[in-house]
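# Structural features, examined
What follows is each chain in one-letter form.
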Amino acid sequence: MSQIEELHEQAMDIAEDAFSARRKGNAREALRLFDDALVLEAQAANQYPATESSEPTRSILYRSAAALAFHANNFEQAEQLVSNGLAGYPPQEIKNELSTP
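First, a word on what this report is: a plain description of the structure on this page. These numbers were taken from a predicted model, which means no experiment stands behind them. (Residues numbered from 1 in each chain as written. Predicted model: local features only at pLDDT ≥ 70, side-chain atom pairs only at ≥ 80, totals over all residues. Heavy atoms only, no water.)

## Focus: the pattern of salt bridges
Enumeration over the complete set of coordinates arrives at 4 salt bridges. A salt bridge links E29 to R32; its shortest N-O distance comes to 2.6 Å. With E29 and R32 both in helix α2 (residues 27-46) and 3 residues apart, this pair spans about one turn of that helix. With a relative accessible area of 26%, E29 lands in the partly exposed category. By relative accessible area, R32 is classed as partly exposed at 40%. Among the charged side chains, a salt-bridge network with shared partners connects E29, R32 and D36. (Salt bridge = Lys/Arg side-chain N within 4 Å of Asp/Glu carboxyl O. Helix = DSSP H or I, 4+ residues; strand = E, 2+ residues; numbered from the N terminus. Buried < 20%, exposed > 50% of the residue type's maximum accessible area, 1.4 Å probe, protein only.)

Here it is as structure tokens:
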């Protein structure tokens, strides 16, 4: 497994814990976990250059990182991550998802 895949897997495991904490009513813990997952997912996304050969993986990782930022109530970073995802060559479907308010 590549380093990028490991970062992504760790981020998704932590995000799952964050959603669980939120369901249990532990909002503070959920926000902390979402932020931890965000750091890892953004690291994974940032390792891909903005080239056509990096798609669709690159834009999918940015979409995921932006969603984690949103769940962490980090809206400014979510906007930046969306911009980063759109700066490459995302497939139209991902581009539409990133562009939808």
